[in-house]
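The chain contents come next:
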Amino acid sequence: MSDAQAANQQATQPQFALQRVFVKDASLETPAGAKAFTQAWQPEINLEMNTRTSQLDEKHYEVVLTLTVTGKNADETAFLVEVQQAGIFLIAGIEGPELHHTLGAFCPNLLFPYAREAVDNFVTKASFPPLMLAPVNFDALYAQQMQQQQAAAAAEETH
């Protein structure tokens, strides 16, 4: 195999690499203030997740996983943490549905442990007990989202 053939084969093979992980934005609110620490701690934790993707250039994508965690105690918000955990990914030779799946499920799956750690750090720095969020199955969430989009598209076609 010539050098040109080897270079061409390497160029067409799928490439994937996480190049940088960073916190894009983060916030902590403790609206109940000191009152939150005067009551028995029996929290209700609510987690909301969102992802967004932007293409930076031909081979680089930024994926941002946003976690919004609300901790309520006795129906009063004790804390609200929002973390936007971002990553820059090199992706080449992956197109169509595979690229969409990579950006929508695989990349957020890699970012989640970093976001979970950031949320836990904020919660403990606010003097609340540690909060280790349960793992998330991003493949299942992605599949569910695709089914909802297909159902919506089918419903539009019938109207």
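None of the values given here were measured: they were computed from a predicted structure.

The rules behind these values
- Residues numbered from 1 in each chain as written.
- Predicted model: local features only at pLDDT ≥ 70, side-chain atom pairs only at ≥ 80, totals over all residues.
- Heavy atoms only, no water.
- Helix = DSSP H or I, 4+ residues; strand = E, 2+ residues; numbered from the N terminus.
- Rg over C-alpha atoms; globule rule 2.2 N^0.38 Å.
- Buried < 20%, exposed > 50% of the residue type's maximum accessible area, 1.4 Å probe, protein only.
- Contact = heavy atoms within 4.5 Å.
- Areas by Shrake-Rupley, 256 points an atom, 1.4 Å probe, with all protein chains shown as cover.
- Lys, Arg positive; Asp, Glu negative; His and termini not counted.
- Charge placed at Lys NZ, Arg CZ, Asp CG, Glu CD.
- Salt bridge = Lys/Arg side-chain N within 4 Å of Asp/Glu carboxyl O.
- pLDDT = per-residue confidence, 0-100.
- Phe/Tyr/Trp six-rings, centres within 6.5 Å; stacked < 30°, edge-to-face > 60°.
- Pairing = 2+ DSSP bridges.
- Axes fitted to C-alpha atoms, helices over the stretch in contact; angles between N-to-C directions.

Here's the deal with the overall build of the protein
Then step 1. Per the secondary structure count, the protein includes three helices and four strands.
Then step 2. The N-to-C order of helical and strand elements in the protein reads α-β-β-β-β-α-α.
Then step 3. In terms of overall size, the protein is more extended than a compact globule, its C-alpha atoms giving a radius of gyration of 20 Å where 159 residues would be expected to give roughly 15 Å.
Then step 4. In terms of overall dimensions, the protein has C-alpha extents of about 75 × 50 × 20 Å along its principal axes.
Then step 5. The burial tally for the protein puts 31% of its 159 residues in the buried class.
Then step 6. Restricting the contact set of the protein to residue pairs at least 6 apart, pairs at least 24 apart contribute 69%.
Then step 7. Here the protein displays about 9900 Å² of accessible surface, and carbon together with sulfur accounts for 49% of that area.
Then step 8. Both charge centroids of the protein, one from 8 positive and one from 18 negative side chains, sit 9 Å from each other.

Considerations on the pattern of salt bridges
Then step 1. One pass over the structure, following the stated rule, counts two salt bridges.
Then step 2. Across the salt bridge formed by Glu-62 and Lys-24, the nearest N and O atoms sit 3.0 Å from each other. Placement of Glu-62 in strand β3 (residues 60-73) and of Lys-24 in strand β1 (residues 15-29) is noted, with a sequence separation of 38 residues between them.
Then step 3. Across the pair Lys-35 and Glu-76 runs a salt bridge whose closest N-O atoms are separated by 3.2 Å. Residue Lys-35 is found in the loop between β1 and β2 (43-55), and its partner Glu-76 is found in strand β4 (residues 76-92); the two are separated by 41 residues along the sequence.
Then step 4. Given the relative accessible area of 45%, Lys-35 is considered partly exposed.

Digging into the confidence of the model for the protein
Then step 1. Mean pLDDT for the protein: 91, with 92% of residues reaching 70 or above.
Then step 2. Within the protein, the lowest mean pLDDT, 60, falls on helix α1 (residues 3-12), and the highest, 98, falls on β1.

A closer look at the packing of aromatic side chains
Then step 1. Per the counting criterion, the structure on display carries seven aromatic pairs.
Then step 2. On the basis of an interplanar angle of 70° and a centroid distance of 5.1 Å, the ring pair of Phe-16 and Phe-106 is categorised as edge-to-face. You can see Phe-16 sitting in strand β1 and its partner Phe-106 sitting in helix α2 (residues 96-125), a full 90 residues away along the chain.
Then step 3. In this structure Phe-16 comes out as partly exposed when scored by relative accessible area, which is 32%.
Then step 4. Pairing Phe-79 with Phe-128 gives two aromatic rings, centres 5.1 Å apart and planes at 50°, and the pair type is tilted. Remark: Phe-128 occurs in the loop between α2 and α3 (138-158) and Phe-79 occurs in strand β4; sequence separation between them is 49 residues. Pair check on accessibility: Phe-79 and Phe-128 agree, each one buried.

A look at the sheet that holds β4
Then step 1. One open sheet accounts for four strands, arranged β1-β4-β3-β2; its pairing is antiparallel. The open sheet is flanked by β1 and β2, the only strands paired with a single partner. Ignoring strand direction, the axes of neighbouring strands in this sheet form an average angle of 15°.
Then step 2. Sheet analysis places β2 next to β3, joined by 13 bridges and oriented antiparallel. Note on β3: the bridge partner recorded for Gln-55 is Tyr-61.
Then step 3. Running at roughly 140° to β4, α2 makes contact with β1, β2, β3 and β4 of the sheet.

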